[in-house]
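Topology and contacts: notes
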There are 2 protein chains.
Amino acid sequence: MSVLMHTLHVELGERSYPVYIGRDLLADSQLLASHVSGSQVVIVSNETVAPLYMDRVKAALGPRKRLTEVVLPDGEQYKTLATLSDIFDQVMAAGHNRTTTFVALGGGVVGDITGFAAACYQRGVNFVQIPTTLLAQVDSSVGGKTAVNHPLGKNMIGAFYQPAAVLIDTNTLQTLPPRELAAGLAEVIKYGLISDEPFYRWLQLDMPKLLAREEAALAEAIERSCSNKAQVVSADEREGGIRAILNLGHTFGHAIETAQGYGQWLHGEAVAVGMVLALELSARRGVVARDEVESLRALLRAAGLPVEPPADMTPAVFLELMGRDKKVVDGTLRLVLLEGVGSACIVDDVADEELISLLESHLSRA
Amino acid sequence: MSVLMHTLHVELGERSYPVYIGRDLLADSQLLASHVSGSQVVIVSNETVAPLYMDRVKAALGPRKRLTEVVLPDGEQYKTLATLSDIFDQVMAAGHNRTTTFVALGGGVVGDITGFAAACYQRGVNFVQIPTTLLAQVDSSVGGKTAVNHPLGKNMIGAFYQPAAVLIDTNTLQTLPPRELAAGLAEVIKYGLISDEPFYRWLQLDMPKLLAREEAALAEAIERSCSNKAQVVSADEREGGIRAILNLGHTFGHAIETAQGYGQWLHGEAVAVGMVLALELSARRGVVARDEVESLRALLRAAGLPVEPPADMTPAVFLELMGRDKKVVDGTLRLVLLEGVGSACIVDDVADEELISLLESHLSRA
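Conventions used here
- By convention here, each chain's residues receive numbers from 1 onward along its written sequence.
- Chain labels run from A onward and ligand labels from 1 onward, assigned in the order the entries are written.
- Where local features are concerned, this predicted model is filtered to residues with pLDDT of at least 70; where side-chain atom pairs are given and counted, the filter is 80 or more; whole-chain, interface and lining totals use all residues.
- Linking buried Ala, Val, Leu, Ile, Met, Phe, Trp, Tyr and Cys residues through C-beta atoms within 7 Å yields a set, and such a set is a nonpolar core.
- Exposure in this text rests on C-beta crowding, where 20 or more other C-beta atoms within 10 Å of a residue's own make it buried, 12 or fewer make it exposed, and counts in between make it partly exposed. The C-beta atoms are placed from the backbone.
- Once C-beta atoms have been placed from the backbone, residue pairs whose C-beta atoms lie within 7 Å are recorded as contacts.
- Here a helix means four or more residues in a row that DSSP labels H or I, a strand means two or more in a row labelled E, and each is numbered from the N terminus.
- A pair of strands is considered paired only if DSSP assigns at least 2 bridges between the two.
- Crossovers are described as right-handed under a simple rule: with the strands pointing away from the observer, the path leading from the first strand over the helix to the second runs clockwise.
- Here the term charged refers only to Asp, Glu, Lys and Arg, the term nonpolar to Ala, Val, Leu, Ile, Met, Phe, Trp, Tyr, Cys and Pro, and the term polar to all other amino acids, Gly among them.
- Structural elements are reduced to axes, namely lines fitted to C-alpha atoms, with helices fitted over the stretch in contact, and the angle between N-to-C directions of any two is expressed from 0 to 180 degrees.
- Domains are outlined according to an automatic or database domain assignment.

1. Focus on the nonpolar core
- Judged by nonpolar contacts, the single largest core of 241 residues is most densely connected at A278 of chain A together with A278 of chain B.
- Sequence-distant contacts of A278 of chain A, that is, excluding residues within four places in its chain, are made with L248, G249, F252, L335, V336, L337 and L338 of chain A.

As structure tokens, this is what we get:
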């Protein structure tokens, strides 16, 4: 039924799964139903997305003996253990057993918390991702990282738990608020920076098409992003090594999100600033040409993203929050830097003074 | 340093781990330290066990850069998401990163909740079990089932997460209250029933030695129990099939625990009654000799365990709560029955009427 569909595969042995990308995929009942065995389904969504797409998903699922809709409030500030507990209460009360399937219908918050709920409910049930924001489509729905936040740090409580399938209906981007489209573009740009220079150059040229939400350009950006991510995840599912490059800009970004309070800065906005800081640090170390830093700023600005950290943060706050990051190994901060556009590396020799100097110069501009 | 130590291995490929059983193992600093790499440790215990053994474990660990003690209230009623959240708060506040090791020092509740916390903290950290009750030593510490309870059902939220090692110091049984010793013996008897008739016959003869806490008899009972469990777990880690036989008596037992409120009946006590009901059902079906039911009652009574369900429960309450059990597959109740002592089977053809008749006859005796 879909006009055009691409299928990627995340190769993880017995945990492998398809990522479908295309227009009107939600209208294709075969596709969703083929990954939802059994008579019980839990659809988790939020107050913004449910009115737009819940009925379409229910129609695609067809009649089920037990179908429970869990509608969460919208926002990163609800990605908590308390919300997780609410989900369990509703699913338990409705009597779902371990043959049930959890379907995540929404953005990254819905996907992360639903995936974690599926990982824990009765020690693990079937799970399908239907991401409806660009950020979730190109990043959080693929790769099996699920989590909730802790007041002292982002994504601190979670599981590696792969979905049975990811359905990306590009139509859903037509209703996405501009600020959220931009936040997703930050992660799209990230894939170019860390592993795909031709893609990055294409983004520099064709950003206007993405902002105009041209169907073909969006599908291309999503497919290239997911393909880059799938390769990295297949090589290192549990982030023992190479997977860490996906965190370019994230250690700085998480510090911004935590300091500002979840839900103030969007994840993609914080990552955008984090990427500028990481590239600037790479340039200061002489491994990246300085004009690439300016090019990145220009690209991010064109995408509608911030390029400087919030003015009310200090280097000391950054250092404190970055020290709590998951990428800290036995007290040593590990950062993703670039060796050039399309090539990332992980370093553990960044001195506090180097960070303070970097942050001071940026905070004075903000 | 230990007088005598046996080592079993739970074979699970790259997740394999040793189970050490012996006297004074807690005094052997090499043993514990060899499974706690890194400079950070979280020891989770409870108010009863911590005063007895916390110092010994800390001495065995030696100096660490970051050592956090989390002492929980004692009891099944605290095996909740709220307690889990408290653990995360303390561990986050102390600044542990993902190179930390969680050590569970206590009974089944401490082991289950600590294992689940280790599974979720930063998406999974290293984890060592030091079970101090007989029940935990022969059952919950081996096999990787971790969980917390939900008000509507036991162990409904959790993960399969294997420890790096299990240290069973048989000395700790000398301080165990008699009621908890008996609760552990219920699970010991279970292994004889489901897979080891010679062990069962030995238990019938030597129960007095176990109740007198004779060191050699206890070590033998623990080793045989863990060995039986390790074999089943190695064959079916995630309970796709054969592992379910470990749940003999548990579907009835969980209904009792849930109905009475967690912490009223001990898990082993509820399982003891559940095993009587399962064996009685097997006898009614003509596959087990009736005198084996009477022998089991005698053995459980000798161990100090109950053999009849609580008088205030009705068959309707049992059926309602059993229908919510994890062993229910797409609406069909699956029960573990016996084909004879030492041989279990899983059936899914037990009619409600059959259960009601069974429960009515037992509730009238209670």
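2. Concerning the pairing of strand β6 (residues 126-131) of chain B
All names here are of chain B.
- Taking burial as the measure, the six residues of β6 include six buried ones, the bulk of the element.
- The alternating pattern of β6 places N126, V128 and I130 on one face and F127, Q129 and P131 on the opposite face, and all of these are buried.
- Direction of pairing for strand β5 (residues 101-106) relative to β6: parallel, over a ladder of six bridges. Within the sheet, the bridge partner assigned to F102 lies in β6 and is F127.
- Since β5 and β6 lie parallel, the crossover through helix α4 (residues 108-120) that links them has a hand, and here it is right-handed.
- When β6 meets strand β9 (residues 165-169), the two strands line up parallel, connected through two bridges. Bridging from a neighbouring strand, V128 pairs with A165 of β9.

3. Quick notes on the interface of chain A and chain B
- Taken together, the contacts link 31 residues of chain A with 31 residues of chain B.
- Listed by contribution, the elements that provide at least two residues to the side of chain A that touches chain B are α3 (81-93), α4 (108-120), β7 (145-150) and β8 (153-160) of chain A.
- Counting residues per element, the side of chain A that touches chain B draws most heavily on β8 of chain A, at six residues.
- Its residues assigned to classes, the side of chain A that touches chain B comprises 15 nonpolar, 11 polar and five charged.

4. Structural notes on the pairing of strand β1 (residues 5-10) of chain B
- Sheet topology places β1 of chain B next to strand β2 (residues 17-22) of chain B; six bridges connect them, and they run antiparallel. Paired with H6 of chain B across the bridge in β2 of chain B is I21 of chain B.

5. Describing the sheet that holds β1 of chain B
Residue and element names in this part refer to chain B.
- Here we have seven strands laid out as an open sheet, ordered β1-β2-β9-β6-β5-β3-β4, and mixed in their pairing. Every other strand in the sheet has two partners, leaving β1 and β4 (66-72) as the edge strands with one partner each. In this sheet, neighbouring strand axes are inclined to one another by 15 degrees on average, regardless of whether the strands run parallel or antiparallel.
- Against the sheet, helix α2 (residues 50-61) engages β3 (40-46), β4, β5 and β6, with an angle of about 165 degrees to β3.
- Against the sheet, helix α8 (residues 215-235) contacts β1, β2 and β9, and its axis sits at roughly 15 degrees relative to β1.

6. Considerations on the domain arrangement of chain A
All names here are of chain A.
- Taken as a whole, chain A is organised into domain 1 (5-175) and domain 2 (178-365).
- Placing a centre on the C-alpha atoms of domain 1 and another on those of domain 2 gives a separation of 26 Å.
- Across the boundary between the two partners, domain 1 contributes 31 residues, which contact 30 residues of domain 2.
- For the side of domain 1 that touches domain 2, the elements supplying multiple residues, two or more each, are β1 (5-10), β2 (17-22), α5 (134-140) and β8.
- Broken down by element, the residue count for the side of domain 1 that touches domain 2 peaks at five residues, all from α5.
- When its residues are assigned to classes, the side of domain 1 that touches domain 2 shows 13 nonpolar, 12 polar and six charged.

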